[in-house]
Amino acid sequence: MEIRPILSALMRSKVSMILIGLQVALTLAIVCNALFIIGQRLDLMNRPSGMNEADTFTIGSIGFGQGFDVRSTITADLNLLRGLPGVAAATTTNAFPLSNSGWSSGLSLAPGQRTSTANTAFYFVDEHGIAAFGTQLVAGRDFKAEEIGFRTPNDEQLPRVAIMTRALAKLMFPDVADPVGKSFYFGGDDDAEPATVIGIIDHLQAPWVGSSIVDNALLLPSVLTGGSSASYLIRTEPGRRDEVMKAVEEKLGTANRSRIVRGLRSMEDRRTQVYAEDRAMTIILGSVIVALLGITALGIVGMASFWVAQRTRQIGTRRALGATRGDILRYFQTENFIITTLGLIVGGVLAYAFSLWLMNSYQSPRLPWYYVPVGFLCLWLLGQLAVLGPALRASRVPPAVATRSV
Amino acid sequence: MFNYYLQLGLRSLRRNPILTALMVLGIALGIGASMTTLTVFYLMGSDPIPWKSSKLHYVQLDNWSPDEGANSDNQPPDQVTYRDAVALMDAGKADKQAAMYKISLPVQPENPDVKPFMALGRATYADFFGLFEPAFAYGQAWGRDQDAQHARVIVLSDQTNETLFGGGDSVGKSVRMDGVDYTVVGVLKKWDLRVKYYDLTNGAFNNPEEFFMPFTTAIDTKRRSTGNNSCWRSPGAGWEAYLDSDCVWIQMWVQLDSPARQEEYMAFLNSYVEEQKKLGRFPRPLNNRLPDVKQWMTDQEVVSRDVEVQVGLAFAFLMVCLINTIGLLLAKFTRRAGEIGLRRALGASRRQVFAQFLIESGVVGLSGGLIGLALTGLGLVAVRSLYQQYANVTHLDWTMVLMTIGLAILAAVLAGLYPTWRACRVQPAAQLKM
């Protein structure tokens, strides 16, 4: 393949070449970074919460009036829930993963310690908590029924036993093979009393999905009531969630008239909502990528068509002088390859510059190196496909055109 | 002449329909993407109360732990303690002032057809209504004396009034909430806020509350905040200990009518904190702040990073579309060298050819802008369905419509400059020879 005539032809239409090259460059820079952001968001959205989300839902109860007895209501509700057909486990809890609202605090290793060793979310649950979350106890034991007490947010004393996630245990006791039986303190008061780790669960997310402590959760044996309200976490037998949800809402609604039952939501629903912004970002960036590739491809088609039209006579002359159709096809494809490559080289630099800007302005991670070479391959392919139509048309120009004058 | 060129432009659009469609589509897509993101960006960040935003100040006091700050960037906590809120209210040094927090209460309607429901409310002071100026449909705000009396009074939103009383004048009627009766003193008109700037801690895009009641009444009935609550040390047991603690859960706004008043108030805050330091509170260095509405919105990052990145990407996309348009216009104009040569030979000046082709680019821009406007509308519908909480910031107003069309024409004319300049350089002789 003779490159020199292509280059000299390109030099004569420098502006068009620069325009297509710039377009390819910007496309590469945007597509690489947008794809990278999409990838990060997908990773975030696919992180497991540690719960059995498919079969689990939540519902809340808020009593009103002076005479409302929250403790007896919770006891009655839980008995009712656990007796319903299809219910595998039920507990009260103050918060759930994926809910973005809850209680967190620092833990320390010694009384009087000034800054905490690790921060964690608190889940106040009863002895059915681990079963209701659907997480795995990997060491130690579960709570016993006699360890569960009622408490309000105004009570000071926190329980003396706790179950923590493996991730939290690793932060608290990095060098300890078996953290069960270890002590820790809530906060850093000088006269704080220790609490003991009685069990380790595999994994359970904190309520805040955007937080740096999302893997740190501490289960505490208590029924926490915020005034007259309570919330329940219910896991059903596989596949029976929707049916049980309906039954639970109805049964709780009629069981006690001096309260409001609300917040009936599946964990799946919570997952969709809590990641709505990330999902939106992936859809928007995805649309930008598609539109951008489309525009760039159309730009190449338009430009190539124009060049073919402009050079019809030269093509005819070449054909008359013995060039085959394949030669003409290859000519336009090589030309496109050269322009695209020049654009891609500029685009590669732009892509890293863009990534640097995102890193500085938004603390986003560095663009992994392989995005750019993969982008090269995709845009080479896109360019070749886009130019194929006009190039085929050029190859069909009959040699006789050369003899015609305009 | 302008009309004639406009006609020529329109006719030329029809002559090369595919090339023209590509150009118009390119501009339309670029404009649609940029204006969609720009609208969200602009409405999120725009001043929610322009006539007095510089007079409204949020109060930040640094009562945090001696060992670590409330935030990594040395900002004080974003709310204040009960002790400090009440002390500042009692001092009354600002032109208007209101401490407030978010509550939720079960409403027990008298009408048996309406089921009991949970209502989100705001416990605040009488000045709240003077600070943020919601309009009243019936009645008025409660008075400062009722703040002092812990009066069982309530102001309803239009929606709550609709639910409970069918939308009529309900002033003087009573509403039972969690076993306590409250007398309605006022009903608000529909209050649309793009950004709920007075409580950015608990959701910048939430709707205003369903009812408002005196702060003192809510404290009297031991209503905890259902919003954000942060403590750097354990508050101790019981309600009184909680009120006395260093936990922050209250928002505090003041109105200061002049820069001099702002300075006075800052001095007052600093002396207040110095006094508290003598009592063993406020262990950190003096770090009080009084951001105004816009500063507070910036501090709290109301405009999300995602939206900023989207605006950046959309404009980069618009740039690609414009580069594309330049190339296509160049192709189109070059093809018409013969026509240009003829016009020049017949006596048209370069300036006239220039005007003609620039207007033709403008026509492309206008067409692209009109389609882009439709795409912007569709884009906003899409954004609304993707981000439900952005319902209040995804509307086109007249400014944005005009800006869309204007930007499209400007972009197309800019894109047309180089191709037009090339077109003007056509030598009449070279084209007429053949």
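Residues numbered from 1 in each chain as written. Chains lettered and ligands numbered in written order. Predicted model: local features only at pLDDT ≥ 70, side-chain atom pairs only at ≥ 80, totals over all residues. Heavy atoms only, no water.

Asks: Mind showing me how you'd approach the nonpolar core here?
Replies: One broad rule of soluble globular proteins: the nonpolar side chains tend to lie buried together. Within the largest apolar cluster, 150 residues are counted, with the highest numbers of intra-cluster contacts made by F132, W253 and Y265 of chain B. Considering every element that reaches this core, the biggest residue donor is helix α11 (residues 305-335) of chain B, with 16 residues. In terms of nonpolar packing, the next biggest core, distinct from the first, is built from 43 residues, L84, F143, A217 and V274 of chain A among them. (Core = buried A, V, L, I, M, F, W, Y, C linked by side-chain atoms within 4.5 Å. Buried < 20%, exposed > 50% of the residue type's maximum accessible area, 1.4 Å probe, protein only. Helix = DSSP H or I, 4+ residues; strand = E, 2+ residues; numbered from the N terminus.)

Asks: Would you mind showing me how to read the domain arrangement of chain B here?
Replies: Accessible area lost when the parts come together is the quantity often used to give the size of an interface. Residues and elements named next belong to chain B. Along its sequence, chain B is carved into domain 1 (1-47 + 305-430) and domain 2 (56-291). Here domain 1 and domain 2 have C-alpha centroids that lie 50 Å from each other. Across the contact, 7 residues belong to domain 1 and 5 residues belong to domain 2. Between domain 1 and domain 2 we count 0 salt bridges in total. At the junction of domain 1 and domain 2, the tally comes to 2 residue pairs in polar contact (both at pLDDT 80 or more). (Domains from an automatic or database assignment. Contact = heavy atoms within 4.5 Å. Salt bridge = Lys/Arg side-chain N within 4 Å of Asp/Glu carboxyl O. Polar contact = N/O pair within 3.5 Å; in protein donor to acceptor, adjacent residues only side chain to side chain.)

Asks: How should I be thinking about the interface of chain A and chain B in this particular structure?
Replies: The interface of chain A with chain B comprises 45 residues on the first partner and 48 residues on the second. Contact with chain B buries surface across chain A, with N154, I295 and Y362 of chain A losing the most and accounting together for 15% of the total. At the boundary of chain A and chain B, one finds 1 salt bridge. In this structure, R41 of chain A engages D306 of chain B in a salt bridge whose closest nitrogen and oxygen atoms are separated by 2.7 Å. Taken together, chain A and chain B are joined by 5 residue pairs in polar contact (both at pLDDT 80 or more). Element by element, the count of residues in the side of chain A that touches chain B is highest for helix α8 (residues 276-310) of chain A, at 18 residues. Grouping the amino acids of the side of chain A that touches chain B by side-chain chemistry returns 27 nonpolar, 13 polar and 5 charged. (Buried area = accessible area lost by both parts, 1.4 Å probe. Nonpolar A, V, L, I, M, F, W, Y, C, P; charged D, E, K, R; others polar.)

Asks: How should the UniProt feature "domain: ABC3 transporter permease C-terminal" (unreviewed entry) in chain A be read in this particular structure?
Replies: The UniProt record marks residues 287-399 of chain A with the feature "domain: ABC3 transporter permease C-terminal" (unreviewed entry), using the residue numbering of this structure. The annotated region residues 287-399 of chain A carries 85% helix and 0% strand content, and the separation between its end C-alpha atoms amounts to 44 Å. (UniProt positions renumbered as here; feature names shortened; annotations may be inferred.)

Asks: Sorry, what's going on with the UniProt feature "transmembrane region" (unreviewed entry) in chain B here?
Replies: Residue and element names in this part refer to chain B. As annotated in UniProt, the feature "transmembrane region" (unreviewed entry) corresponds to residues 21-44, 311-333, 353-378 and 398-418 in the numbering used here. Note that residues 311-333 is 100% helix and 0% strand, and that its end C-alpha atoms are spaced 32 Å apart. Here residues 353-378 is 100% helix and 0% strand, with 38 Å between the C-alpha atoms at its ends.

Asks: Please explain the UniProt feature "domain: ABC3 transporter permease C-terminal" (unreviewed entry) in chain B as it appears in this structure.
Replies: With numbering matched to this structure, UniProt assigns "domain: ABC3 transporter permease C-terminal" (unreviewed entry) to residues 313-428 of chain B. End-to-end, the C-alpha atoms of residues 313-428 of chain B are 43 Å apart, and along that stretch the chain is 84% helix and 0% strand.

Asks: Explain the environment of G338 of chain B to me, please; I cannot follow it from the model alone.
Replies: Mapped onto the secondary structure, G338 of chain B falls in helix α12 (residues 337-345). Distance in space between the C-alpha atoms of G338 of chain B and C321 of chain B is 28 Å, their sequence separation being 17 residues.

Asks: It is not clear to me how a negative patch on the surface should be interpreted in this structure. Could you clarify?
Replies: A contiguous patch of negative charge, built from E156, D189, D190 and D191 of chain A, is present on the exposed surface. With respect to the helices and strands, D189 of chain A occurs in the loop between β8 (183-186) and β9 (195-201). (Patch = residues over 30% accessible without salt bridge, like charges linked within 9 Å, V, L, I, M, F, W, Y side chains within 5 Å. Areas by Shrake-Rupley, 256 points an atom, 1.4 Å probe, with all protein chains shown as cover. Lys, Arg positive; Asp, Glu negative; His and termini not counted. Charge placed at Lys NZ, Arg CZ, Asp CG, Glu CD.)

Asks: What is the right way to read the state of the cysteines from this model?
Replies: Note on terminology: a disulfide is the covalent bond linking the sulfur atoms of two cysteines. Here the structure, examined in full by the defined rule, presents 1 disulfide over all chains. With no disulfide of its own, C32 of chain A has C378 of chain A as its nearest cysteine by sulfur position, at a separation of 8.5 Å. Owing to a relative accessible area of 2%, C32 of chain A belongs among the buried residues under this scheme. Counting only cysteine sulfurs, C32 of chain A is the nearest neighbor of C321 of chain B, a cysteine outside any disulfide, at a range of 18 Å. (Disulfide = S-S within 2.5 Å.)

Asks: Looking at this structure, I do not really get the packing of helix α1 (residues 4-12) of chain A against helix α10 (residues 325-362) of chain A. What am I missing?
Replies: The relative placement of two packed helices is expressed as an angle between their axes plus a distance between the axes. Residues and elements named next belong to chain A. Their axes nearest at 10 Å, the elements α1 and α10 cross at an angle of 65 degrees. The handedness of the crossing between α1 and α10 comes out as right-handed. Contacts between α1 and α10 involve P5, I6, L7, A9 and L10 on the former and, on the latter, Y331, T334, E335, I338 and I339. Residues of the contact of α1 with α10, tallied by class, amount to 8 nonpolar, 1 polar and 1 charged. (Axes fitted to C-alpha atoms, helices over the stretch in contact; angles between N-to-C directions. Left-handed = near helix turned anticlockwise from the far one by under 90°.)

Asks: Could you clarify how one ought to interpret the UniProt feature "transmembrane region" (unreviewed entry) in chain A in this entry?
Replies: Using the residue numbers shown here, the UniProt feature "transmembrane region" (unreviewed entry) corresponds to residues 280-309, 337-358 and 370-388 of chain A. Counted over residues 280-309 of chain A, helix gives 100% and strand 0%. Its end C-alpha atoms are 43 Å apart.

Asks: Help me understand helix α6 (residues 158-165) of chain B, please; the structure alone is not making it clear to me.
Replies: All of the buried residues in α6 of chain B are T160, N161 and L164 of chain B. Angular distribution of buried residues about the axis of α6 of chain B spans 100 degrees; they occupy a single face of the element. (Arc of directions from axis to C-beta.)

Asks: Mind showing me how you'd approach the packing of aromatic side chains here?
Replies: Geometrically, a pair of aromatic rings is defined through the distance of the ring centres and the angle of the planes. A complete count under the given rule lists 44 aromatic pairs over all chains for this structure. Relative to Y370 of chain A, the ring of W369 of chain A has its centre 6.0 Å away and its plane inclined at 85 degrees; by these criteria the two rings are edge-to-face. Here Y370 of chain A falls in the partly exposed class, since its relative accessible area comes to 43%. Ring centres of Y4 of chain B and Y5 of chain B lie 6.0 Å apart, and the angle between their planes is 40 degrees; this geometry places the pair in the tilted category. Within the aromatic cluster, the residues linked to one another by ring pairs are Y58, F128, F129, F132, F136, W142, W191, Y197, Y198, F212, W253 and W296 of chain B. Geometry around Y242 of chain B places R224 of chain B over its ring, the cationic atom sitting 4.2 Å from the centre. (Phe/Tyr/Trp six-rings, centres within 6.5 Å; stacked < 30°, edge-to-face > 60°. Lys NZ or Arg CZ within 6 Å of the ring centre and 35° of its normal.)

Asks: Hey, could you run me through the domain arrangement of chain A in this one?
Replies: Parsing chain A into structural domains produces domain 1 (3-46 + 275-402) and domain 2 (65-257). One C-alpha centre belongs to domain 1 of chain A, the other to domain 2 of chain A; they are set 55 Å apart.

Asks: Where do I start with a nonpolar patch on the surface in this structure?
Replies: Residue and element names in this part refer to chain A. On the surface, Y352, W369, Y370 and V374 cluster together to form a nonpolar patch covering roughly 460 Å² of accessible area. Within the secondary structure, W369 sits in the loop between α10 and α11 (371-395). Its relative accessible area of 62% is what places W369 among the exposed residues.

Asks: Where do I start with the sheet that holds strand β12 (residues 259-266) of chain A in this structure?
Replies: Note on sheets: strands pair through backbone hydrogen bonds, and any given pair is parallel or antiparallel. All names here are of chain A. Spatially, 4 strands are ordered β2-β11-β1-β12 in an open sheet, and the strand pairing comes out antiparallel. Two strands lie at the open edges of the sheet, namely β2 (87-92) and β12, each paired on one side alone. The mean inter-strand angle of the sheet, taken between neighbouring strand axes irrespective of direction, is 20 degrees. Bridging between strand β1 (residues 56-63) and β12 involves 6 bridges; their strand directions are antiparallel. Looking across to β12, one finds that T58 is bridged to R265. Set on the sheet, helix α6 (residues 241-255) makes contact with β1, β2, β11 (229-236) and β12; between it and β12 the angle comes to about 170 degrees. (Pairing = 2+ DSSP bridges.)

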